[in-house]
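Given next are the chains, with one letter for each unit.
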Amino acid sequence: MTIELFGYIAAFCTTLAFVPQAAKTIKEKQTKDISLAMYVIFTIGIAFWLVYGLLINSMPIIAANIVTLLLAGTILIMKIKYK
């Protein structure tokens, strides 16, 4: 097993964790119980992780953070839109 495989497994698990919240938020269009500050800070952090992954050319980091940025960004936009 290569070291990069651990990265892909970690990326898959942590990214997959956002799917239920994003699906629920999109379906219900209800975000009152979601912290705006948390999602702003988190989304910024994910964007920096993506840049970091690009700079070191790490596909697990790049792939995970593209997907997570899309999911967290969707939730953040909906939080702002449906507050």
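Structural data are supplied above this passage.
Here the structure is a predicted model, which is why all the values come from computation and not from measurement. (Residues numbered from 1 in each chain as written. Predicted model: local features only at pLDDT ≥ 70, side-chain atom pairs only at ≥ 80, totals over all residues. Heavy atoms only, no water.)

Draft legend 1. Geometry of the packing of helix H2 (residues 19-28) against helix H4 (residues 59-81). It is at 9 Å that the axes of H2 and H4 come closest, and there the two elements cross at 30°. Seen along the crossing, H2 lies across H4 with a hand that is left-handed. Mapping the contact onto sequence places Val19, Gln21, Ala22, Thr25 and Ile26 in H2 and Leu71, Thr74, Ile75 and Met78 in H4. Among the residues making up the contact of H2 with H4, the classes are represented as six nonpolar, three polar and no charged. (Axes fitted to C-alpha atoms, helices over the stretch in contact; angles between N-to-C directions. Helix = DSSP H or I, 4+ residues; strand = E, 2+ residues; numbered from the N terminus. Left-handed = near helix turned anticlockwise from the far one by under 90°. Contact = heavy atoms within 4.5 Å. Nonpolar A, V, L, I, M, F, W, Y, C, P; charged D, E, K, R; others polar.)

Draft legend 2. Seen up close, the environment of Ile77. Secondary-structure assignment places Ile77 in helix H4. Between the alpha carbons of Ile77 and Val40 there is a distance of 9.7 Å; along the sequence they are 37 residues apart.

Draft legend 3. Molecular detail of unusual backbone geometry. Backbone geometry at Lys29 places phi at a positive 50°, although glycine is not the residue there. Mapping Lys29 onto the fold places it in the loop between H2 and helix H3 (36-56). Unusually for a residue other than glycine, Asn57 sits at a positive phi of about 55°. Residue position: Asn57 is located in the loop between H3 and H4.

Treat this as a map of the structure, not an account of what it does.
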